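Here's the letter readout for the chains.
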Amino acid sequence: MKIEMLVVLMVISVLLLIAIPNMAKNNEVAADKGCEATIKLLQTQVHAYEIETGDELNELSDLVSGRYVESIECPDGSIPVFNEGIVSEPSSS
C-alpha cells in the first residue's frame, strides 16, 4: 500500500514538473497575442476615426475620448506606440 502511494506521488510530481514550465510559456504567448489583437483593433479604429471625422488622429487617447475604444492598453498593461497614423508594438524599455 505504501509503495503504491509513493509511485502515485512520484508520477504526479513528474507530471507537474513537465506542466508548470509549459503553462508559464503559454501565458507569455497569450499576452503577446493579446497585444497583437489590440494593435489590430486600434489600427482599425484609427481608420474609422479618420473616415468619420475627415481629420487625422493626433493621439491614441482621442479614440477613448471619442468612444471608439474603451482602452488603448495591451493585456500586459503596456501602451502601443502611435506614430504618423500607424499603431505599433510598445517599445521595450
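Criteria and cut-off values
Residues numbered from 1 in each chain as written. Predicted model: local features only at pLDDT ≥ 70, side-chain atom pairs only at ≥ 80, totals over all residues. Heavy atoms only, no water. Helix = DSSP H or I, 4+ residues; strand = E, 2+ residues; numbered from the N terminus. Contact = heavy atoms within 4.5 Å. Core = buried A, V, L, I, M, F, W, Y, C linked by side-chain atoms within 4.5 Å. Buried < 20%, exposed > 50% of the residue type's maximum accessible area, 1.4 Å probe, protein only. Patch = residues over 30% accessible without salt bridge, like charges linked within 9 Å, V, L, I, M, F, W, Y side chains within 5 Å. Areas by Shrake-Rupley, 256 points an atom, 1.4 Å probe, with all protein chains shown as cover. Salt bridge = Lys/Arg side-chain N within 4 Å of Asp/Glu carboxyl O. Lys, Arg positive; Asp, Glu negative; His and termini not counted. Charge placed at Lys NZ, Arg CZ, Asp CG, Glu CD. Disulfide = S-S within 2.5 Å.

**Focus on the environment of Ile79**
Of note, Ile79 is situated in the loop between α2 (61–65) and β1 (81–83). Between the C-alpha atom of Ile79 and that of Thr38, which follows or precedes it by 41 residues, the distance is 9.8 Å. Setting aside its immediate chain neighbours within four residues, Ile79 contacts Ile72, Glu73 and Pro90.

**Let's talk about the side chain of Gln45**
Note on placement: Gln45 falls in helix α1 (residues 2–53). Ignoring anything within four residues of it in the chain, the contact list for Gln45 reads Leu63, Tyr68 and Val69.

**Side note on the nonpolar core**
With 14 residues, the main nonpolar core has Leu42, Val46, Leu57, Leu60, Leu63, Phe82 and Val87 as its most contacted residues. A per-element tally of this core places α1 first, with 5 residues. Apart from the residues lying within four places of it in its own chain, the contact partners of Phe82 are Val46, Leu57, Asn58, Glu59, Leu60 and Val87.

**A few points about a negative patch on the surface**
Taken together, the side chains of Glu28, Asp32, Glu36, Glu73, Asp76 and Glu89 present a region of like negative charge at the surface. Tracing the backbone through its elements, the reader meets Asp32 in helix α1.

**A short note on the state of the cysteines**
For the coordinates displayed, the defined rule picks out 1 disulfide. In this model, Cys35 is linked to Cys74 through a disulfide, with the two sulfur atoms separated by 2.1 Å. Judged by the sign of its S-S torsion, about 50 degrees, the bond between Cys35 and Cys74 is right-handed. Of this pair, Cys35 sits in helix α1 while Cys74 sits in the loop between α2 and β1, placing them 39 residues apart in sequence. Accessibility expressed as a relative area gives 9% for Cys35, which makes it buried. A relative accessible area of 3% places Cys74 in the buried class.

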